[in-house]
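Below, each chain spelled out in residue letters.
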Amino acid sequence: MKDYSKYFKGPSLKDARSRGRTEVQHLDDAFEIPADMVGIGKGQTYYIQTYGCQANERDTETLSGILEMMGYTHTDEVKQADVVLLNTCAIRENAEEKVFGKIGYLKNIKKTRPNLIFGVCGCMAQEEVVVNKILEKFPQVDLIFGTHNIHRLPVLLKQAMLEKELVLEVWSKEGDVIENLPSHRANNYKAWVNIMYGCNKFCTYCIVPYTRGKERSRELDEIIKEVEELKNSGYKEITLLGQNVNSYGKDLNNDTSFATLLEAVAKTGIDRIRFTTSHPWDFNADMIDIIAKYDNIMPSIHLPVQSGNDEVLKLMGRRYSKESYLKLFDMIKEKIPDCTITTDIIVGFPNETEEQFQDTLSLYNYCKYDLAYTFIYSPREGTPAAKMEDNVPLSDKEQRLYRLNELVNKYANEANQKYLGQVVKVLVEGPSKKNPDVLSGYTEHNKLINFKGDASMVGQIVDVRVTEAKTWALTGEQLESNN
């Protein structure tokens, strides 16, 4: 393999594991476009494919904003693009396989368009094993950068254009908070708002703490400023975003907490507030009280449980028991009776027994979640769980997933049936993906609903009567009073 060491610094799992006492830097002036790169994209286009979670979607909005500030315009046709970026996810193995498949597909495009700049960024770029594979097998890649240095895209593009060599810059560091980055929002009515970055939980199966760095919160004033700007620009809904939003403020050395942030955001008067993702370990009564207090904080909470067995939870490093989780669940339901609760569950964790899996089914039957995202355990190289011996056959794991999903479908349908005949408030997002003559949107409880209504109301919140309830969506009719 060619020695690229003079061109870049690659990722280091050892460095990514470190968690020092160094104070997080909040930088307002870290982003700049070199003078000779201003307008460099005029008459050219860019294409970004995003994989994975909402954090990646938000990062793509920032990458798009940077490229458009440089003069590029967006295209949906990858074959026509002058800059192609794959913003990648490292959570599960199948996500990585999709990315490598796309990289292989772009090899032929690169042959016909040699001046195309092709880059890989996001969480996969933070993994040593992934970068090494790219270096060995995918010479068509021009640029690799990670999650900590998105703001340096103009500089890295310049290097890739001038040097005609692979440019790799991945910072395996604890992380900083970079403010004042441009953004091209993907939606005109709903917006992601980062409140913090990184994770300190180190669940044994998860690579995110290594790819995203340690927990670091944005200053409350910066967040409120962004929310107010979005509200003044006509946005109706914002989602507060973080790997573990409940930990917000712990690193700020003041009295700021997620509860105080939620209340401050609610007081801006923006119509709808959501947040993701929550960790049960940090979810407390103060947060629940604030959610219950303000009508513009939506009664919909994603609360990942992962397993219903204490031994498995301990092996996962989840820091709570089944009993403490259910106590929190009951507290939420008591204070916010109509709150919808969704979850994540992993089946087939190394050496999970049938009896332990039955505990998960028991928990699910108790909670009767509105929805669950269910997965077969996927080992991630570099995590403690990847070193655990696993004696559970794949066929058993697949069967457990099937049985769990039967419950997911059953209770999702039951949860939706209670809305039949009710009038719900819906943020109209536009035509349904399946039927352009029907409108689509989400209720306060985050239920997808397709309905007959006035197309001029796109971007507004309207009253809709539910006429049909299915497992995954509702059907309804907009009330005439909204016309």
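Residues numbered from 1 in each chain as written. Predicted model: local features only at pLDDT ≥ 70, side-chain atom pairs only at ≥ 80, totals over all residues. Heavy atoms only, no water.

Engineer: Looking at this model, I keep getting lost on the overall build of the protein chain. Mind explaining?
Structural biologist: When helices and strands are counted, the protein chain shows 13 helices and 21 strands. Taken over C-alpha atoms, the radius of gyration comes to 23 Å for the protein chain, in line with the 23 Å a tight globule of 483 residues would show. Seen through its C-alpha atoms, the protein chain measures out along the principal axes to roughly 65 × 60 × 45 Å. Buried residues in the protein chain amount to 55% of all 483 residues. Per element, the accessible surface of the protein chain, about 21,700 Å² overall, is 47% carbon and sulfur. The centroid of the 60 positive side-chain charges in the protein chain is displaced by 3 Å from the centroid of its 70 negative side-chain charges. (Helix = DSSP H or I, 4+ residues; strand = E, 2+ residues; numbered from the N terminus. Rg over C-alpha atoms; globule rule 2.2 N^0.38 Å. Buried < 20%, exposed > 50% of the residue type's maximum accessible area, 1.4 Å probe, protein only. Areas by Shrake-Rupley, 256 points an atom, 1.4 Å probe, with all protein chains shown as cover. Lys, Arg positive; Asp, Glu negative; His and termini not counted. Charge placed at Lys NZ, Arg CZ, Asp CG, Glu CD.)

Engineer: Just checking my understanding: could you explain the sheet that holds strand β14 (residues 300-302) for this structure?
Structural biologist: Remark on secondary structure: sheet strands pair via backbone hydrogen bonds, oriented parallel or antiparallel. Ordered by their spatial adjacency, three strands build an open sheet running β14-β15-β16, and the pairing between neighbours is parallel. A strand with exactly one partner marks an edge of an open sheet, and here the two such strands are β14 and β16 (371-376). Direction aside, the axes of adjacent strands within the sheet are offset by 10° on average. Bridge count between β14 and strand β15 (residues 340-347): three bridges; the pairing is parallel. Its bridge partner lying in β15, Ser300 is registered against Thr340. (Pairing = 2+ DSSP bridges. Axes fitted to C-alpha atoms, helices over the stretch in contact; angles between N-to-C directions.)

Engineer: Where do I start with the UniProt feature "binding site: [4Fe-4S] cluster 1" (unreviewed entry) in the protein chain in this structure?
Structural biologist: Look at the UniProt record and you will see "binding site: [4Fe-4S] cluster 1" (unreviewed entry) annotated at Cys53, Cys89 and Cys123. Of the residues just listed, which span 71 residues, no C-alpha pair is farther apart than 10.5 Å, and they cluster in one region. Within the secondary structure, Cys53 sits in the loop between β2 (45-50) and α2 (54-69). On the accessibility criterion, Cys53 (33% relative accessible area) is partly exposed. (UniProt positions renumbered as here; feature names shortened; annotations may be inferred.)

Engineer: So what exactly am I meant to see when it comes to the UniProt feature "domain: Radical SAM core" (unreviewed entry) in the protein chain here?
Structural biologist: Mapped onto the present numbering, the UniProt feature "domain: Radical SAM core" (unreviewed entry) falls at residues 185-414. Here residues 185-414 runs as 40% helix and 16% strand, with 35 Å between its end C-alpha atoms.

Engineer: Can you help me understand the packing of helix α9 (residues 285-293) against helix α11 (residues 322-335) in this one?
Structural biologist: A pair of packed helices is captured by two measures, namely the crossing angle of their axes and the spacing between those axes. Interhelical geometry of α9 versus α11 gives an angle of 25° and a closest axis separation of 10 Å. Between α9 and α11, the interaxial angle falls into the category roughly parallel. For the crossing formed where α9 meets α11, the hand is right-handed. Across the interface between the two elements, Ala285, Ile288, Asp289 and Ala292 from α9 touch Leu328, Met331, Ile332 and Lys335 from α11. For the contact of α9 with α11, a count of residues per class yields six nonpolar, no polar and two charged. (Parallel < 35°, antiparallel > 145°, perpendicular 65-115°, else oblique. Left-handed = near helix turned anticlockwise from the far one by under 90°. Contact = heavy atoms within 4.5 Å. Nonpolar A, V, L, I, M, F, W, Y, C, P; charged D, E, K, R; others polar.)

Engineer: Explanation requested: the packing of aromatic side chains in the structure shown.
Structural biologist: Aromatic ring pairs are described here by two measures, namely the spacing of the ring centres and the angle between the planes. Taken as a whole and assessed by the stated rule, the structure comprises ten aromatic pairs. Between Phe202 and Tyr210, the aromatic rings sit 5.5 Å apart at their centres with planes inclined by 65°, giving edge-to-face as the arrangement. Note on Tyr210: relative accessible area 8%, which makes it buried. Residue placement shows Arg92 over the ring face of Phe375; its charged tip is 3.8 Å from the ring centre. The lysine or arginine in question, Lys133, covers the ring of Phe100, its NZ or CZ lying 4.0 Å from the ring centre. (Phe/Tyr/Trp six-rings, centres within 6.5 Å; stacked < 30°, edge-to-face > 60°. Lys NZ or Arg CZ within 6 Å of the ring centre and 35° of its normal.)

Engineer: Help me out: how do you make sense of α11 in this one?
Structural biologist: Note on helix geometry: an α-helix contains 3.6 residues per turn, so any two residues three or four positions apart are oriented the same way. Along its 14 residues, α11 runs 20 Å from first to last C-alpha, staying within 8% of the 20 Å computed at 1.5 Å per residue. If you check which residues of α11 are buried, you get Lys322, Tyr325, Leu326, Leu328, Phe329 and Ile332. Angularly, the buried residues of α11 cover 155° about the axis, an arc narrow enough to put them on a single face. Among the exposed residues of α11, those pointing more than 90 degrees away from its buried face are Glu323, Lys327 and Glu334. (Expected span 1.5 Å × (residues − 1). Arc of directions from axis to C-beta.)

Engineer: What am I meant to see in the packing of helix α3 (residues 93-112) against helix α4 (residues 128-137) here?
Structural biologist: Where α3 contacts α4, the axes come no closer than 12 Å and their chain directions differ by 20°. Our classification of the angle between α3 and α4 gives roughly parallel. Crossing geometry of α3 relative to α4 is assigned as right-handed. Two secondary-structure elements touch here, α3 through Glu96, Phe100 and Ile103 and α4 through Val130, Lys133 and Ile134. Considered class by class, the residues forming the contact of α3 with α4 number four nonpolar, no polar and two charged.

Engineer: I keep staring at the sheet that holds strand β13 (residues 272-276) and nothing clicks. Help me out?
Structural biologist: One open sheet holds the three strands; their spatial order is β9-β12-β13, and the pairing between them is parallel. Whereas interior strands pair on both sides, the edge strands pair on one side only; in this sheet they are β9 (190-194) and β13. Mean inter-strand twist for the sheet, computed between neighbouring axes without regard to direction, equals 25°. When β9 meets strand β12 (residues 237-241), the two strands line up parallel, connected through five bridges. For Lys190, the partnering residue across the bridge sits in β12 and is Glu237. Contacts from α2 reach β9, β12 and β13 within the one sheet, and its direction differs from that of β9 by about 100°. Across the sheet, helix α8 (residues 258-266) is in contact with β12 and β13; its angle to β13 comes to roughly 155°.

Engineer: I keep staring at the pairing of strand β17 (residues 423-431) and nothing clicks. Help me out?
Structural biologist: Look at any regular strand and the pattern is simple: side chains alternate between the two faces of the sheet. Direction of pairing for β17 relative to strand β20 (residues 461-469): antiparallel, over a ladder of five bridges. Bridge pairing links Val424 to Val464 in β20. Note that β17 and strand β18 (residues 439-443) share five bridges and pair antiparallel. When the bridges of β18 are listed, Val426 appears paired with Thr443.

Engineer: What exactly am I supposed to notice about the nonpolar core here?
Structural biologist: The tendency in soluble globular proteins is for nonpolar side chains to be buried side by side. Membership of the largest hydrophobic core comes to 58 residues, with the highest contact counts inside it found for Ile238, Leu240, Phe258 and Phe283. Excluding its chain neighbours within four sequence positions, the residues that come into contact with Ile238 are Ala191, Val193, Val227, Leu230, Val265, Ile270, Arg272, Ile273 and Arg274. Residues Ala90, Cys123, Val131 and Leu166 belong to the second largest nonpolar core, which totals 33 residues. (Core = buried A, V, L, I, M, F, W, Y, C linked by side-chain atoms within 4.5 Å.)

Engineer: What is the right way to read unusual backbone geometry from this model?
Structural biologist: Excluding glycine, a negative phi dihedral is what most residues carry, and trans is how most peptide bonds are arranged. Residue Thr277 follows Thr276 across a cis peptide bond; omega there is 0°. Structurally, the position occupied by Thr277 is in the loop between β13 and α9. The phi angle at Phe202 is positive, at roughly 55°, despite the residue not being glycine. Checked against the element boundaries, Phe202 lands in the loop between β10 (196-197) and α6 (208-212). By relative accessible area, which is 25% here, Phe202 ends up partly exposed. Unlike most non-glycine residues, Asn253 shows phi in positive territory, near 60°. Of note, Asn253 is situated in the loop between β12 and α8.

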